[in-house]
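Notes for the structure review
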Amino acid sequence: MGLRDGVRARNESAWLLPNDGTRTNHRLRRDMRRFADGDEIDLVIVGCGAGGSVLLQRLARSGWKVAALDAGPFWDPDTDWVSDEAGSHHLYWTDPRVIAGADPVPLGSNNSGRGVGGSMIHYAGYTPRFHPSDFMTRTLDGVGADWPVGYSELRPYYEQIEQELPVAGERWPWGDPHGYPYRPHPVGGNGEVFLRGADKLGITAKVGPVAIANGRFGNRPHCIYRGFCLQGCKVNAKASPLITHVPDALARGAEVRADAMVTQVEVDERTGRATGVHYVRDGRERFQRARMVAVAGYSIETPRLLLNSSSGRFPGGLCNDFDQVGRYLMVQGAPQTAGRFDAEVRMYKAPPPEVSTEEFYETDPARDCKRGFSVQTVSPLPITWAEHVAAQGHWGTALREYMSDYVHWSCLGALCEFLPLPENRVTLADEKDSCGLPVARFSYSQCDNDRALARAAQSVMEDILHAAGADEVITIQRYAHLVGGARMARDERHGVVDENCRSFAVPNLYLTDGSVLPTQGSANPALTIMAVAARAADHLIAGASGGTT
Ligand SMILES: Cc1cc2nc3c(=O)[nH]c(=O)nc-3n(C[C@H](O)[C@H](O)[C@H](O)COP(=O)(O)OP(=O)(O)OC[C@H]3O[C@@H](n4cnc5c(N)ncnc54)[C@H](O)[C@@H]3O)c2cc1C
Ligand code: SF4
């Protein structure tokens, strides 16, 4: 069986999309199965993003009665998305969140997504794997945590998801060296600058991996290199669960219930088992019964929902007997360095992250810190570019000059592995949202190791751009990619879920999103989140026949 046939036998999503120039299979949505609140379905999933949608698709394929409730809309790329930076704000989760700590992480703009497809609707499409070392940083480096699963157990799921998105890239020499199902995309101006500078310095840099169709895939067209990946790809070339997993789930009998904000996971005080979820839709409070519950609401909203689901049995929050919920929330340090060139670069003409190096990913004894960083092209569009320049302190005439010079700039970004610390956590704030629920308060502070990594990454990026011929470089400090907050561990004193994403406290409650990651590496997390969810799905499916659930 060929690669495409193999994928199609497992997940037919790309072939279920229309091939008439429109982007949404309206018939599938219209004819979607709809469960009644009173039906006891097999599994209700909170959140239809990276982790939730993979679980939904896998279980629907296995005949489970399964529904995913998402707080946001069921997007139609043709009518809901625009090729305009300012006009894409509605893709983000902008409900209030409180930030605190010595180094607070700005939230409320483009940190996480809202709606079917989750944050992958507006993610950049870069999909590297974690390295084997990421699963055992405590043993290897004395920092972070060891996962209760190893890389080798996740590898088959990485391979499956890479085929289903599908991922295009050069053979990857770092971590566990591997190839990708599709050849790398042609390189844009920003990538050329990176490759030139890296080559001068003897740094290996590679093209990909991007989850962007390179050639037709099913009914999904080839990328047209319009650079709007972060605004939602109207072409359907960039992978997101909306097109990679939801269509197949619907065709196999799953329900996706959009605009449904889950407010509480209900647990039977007598049995200690989850019985369903309370949610608000069209202003009405409702309750969906289910035999099992999975939460996949993103690293801020998942801990928030657990904390908001306190009860007589769990007075401090659901699954929080050992004060683990909300802790070890991580964010990658993401300094961004821009360089100016006399020749035009036109960095917008390509997927934003396209070329990267993982040469600095692991602990280097020559550096005064543990773990490492990756460097990728980032290619901001004009508004984001203005933010970069303004963050440097430029304003008024100077800002206008930088803006009119936009096509001459190249931009690189690092992802630094900031360490998981127990005090970096989500708790509940006094402030309430429109449903009357306490919003999340996220407190974040860096440690010395984090700051040392960011300095090292900045220095490498500035060297690369200078080596490529930049006559001016400017660097700003930022953050990227939140994960953790309800991590997996070997026991309930060190985490919230086990290696199969099953909560220690409630036997029929699972968490299948980025919140379960114990470490973050220097890789973008979506592929790993999907792989972890696919593995959890196999565990559930095996349990249904083997009785472990
Ligand atoms: C600007 C940006 C660029 C990024 N680029 C990349 C990249 O290039 N590569 C990469 O790997 N990662 C990238 N990421 C990160 C990646 O998108 C996320 O890590 C990933 O999507 C998180 O998956 P998740 O399943 O945890 O949550 P999500 O995908 O965010 O899904 C959570 C879903 O739950 C819903 N939800 C939340 N609470 C509730 C509730 N109470 N009731 C009902 N529904 C709820 C939300 O509406 C959302 O749809 C990027 C992120 C951002 C913000
Ligand atoms: S660059 Fe390609 S993947 Fe990104 S928005 Fe454009 S068509 Fe979609």
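Look up a bit, the structure's there.
Notes on the structure follow.

Rules and cut-offs
Residues numbered from 1 in each chain as written. Chains lettered and ligands numbered in written order. Predicted model: local features only at pLDDT ≥ 70, side-chain atom pairs only at ≥ 80, totals over all residues. Heavy atoms only, no water. Helix = DSSP H or I, 4+ residues; strand = E, 2+ residues; numbered from the N terminus. Buried < 20%, exposed > 50% of the residue type's maximum accessible area, 1.4 Å probe, protein only. Polar contact = N/O pair within 3.5 Å; in protein donor to acceptor, adjacent residues only side chain to side chain. Contact = heavy atoms within 4.5 Å. Near = heavy atom within 4 Å. Nonpolar A, V, L, I, M, F, W, Y, C, P; charged D, E, K, R; others polar. Expected span 1.5 Å × (residues − 1).

Relative to the helices and strands, Arg 257 is located in strand E5 (residues 255–257). Given a relative accessible area of 1%, Arg 257 falls into the buried group. Among the polar contacts listed, one links the side chain of Arg 257 to the side chain of Gln 288, at a separation of 2.8 Å. Among all residues touching Arg 257, those that are not within four sequence positions of it are Phe 35, Asp 37, Ala 68, Leu 69, Asp 70, Tyr 279, Arg 281 and Gln 288.

Relative to the assigned elements, Ser 310 resides in the loop between helix H11 (301–307) and strand E9 (330–333). Since its relative accessible area comes to 33%, Ser 310 is described here as partly exposed. Between the C-alpha atom of Ser 310 and that of Glu 153, which follows or precedes it by 157 residues, the distance is 34 Å. For Ser 310, the residues in contact, after removing those within four places along its chain, are Gln 264, Pro 315, Gly 317 and Leu 318.

What follows deals with the site of ligand 2. The local shell around ligand 2 consists of Ile 212, Cys 223, Ile 224, Tyr 225, Arg 226, Gly 227, Phe 228, Cys 229, Cys 233, Val 235 and Lys 238. Its residues assigned to classes, the shell around ligand 2 comprises eight nonpolar, one polar and two charged.

Further remarks concern the side chain of His 131. Along the chain, the position of His 131 falls in the loop between strand E3 (98–100) and helix H6 (137–141). The class for His 131 is buried, based on a relative accessible area of 3%. Within the structure, His 131 has its side chain in polar contact with the side chain of Glu 358 (distance 2.7 Å). Among the polar contacts listed, one links the side chain of His 131 to the side chain of Glu 362, at a separation of 2.5 Å. Contacts of His 131, omitting those with residues within four sequence positions, involve Tyr 151, Trp 174, Gly 175, Glu 358, Tyr 361 and Glu 362.

Its 13 residues give helix H8 (residues 189–201) an end-to-end C-alpha distance of 19 Å, which sits within 8% of 18 Å, the value for a rise of 1.5 Å per residue. Buried within H8 we find Gly 189, Asn 190, Gly 191, Val 193, Phe 194, Gly 197 and Ala 198. Looking one or two places after H8, you find Gly 202, whose phi comes out positive at around 75°.

Position of Leu 242 relative to the elements: it lies in helix H9 (residues 241–244). The class for Leu 242 is buried, based on a relative accessible area of 5%. Remark: the alpha-carbon pair of Leu 242 and Val 116, spanning 126 residues in sequence, is separated by 6.1 Å. Those residues in contact with Leu 242 that lie beyond four places of it in its chain are Arg 29, Phe 74, Trp 75, Pro 77, Trp 81, Val 116, Gly 117, Ile 121 and Pro 247.

In short, geometric facts, not functional conclusions.
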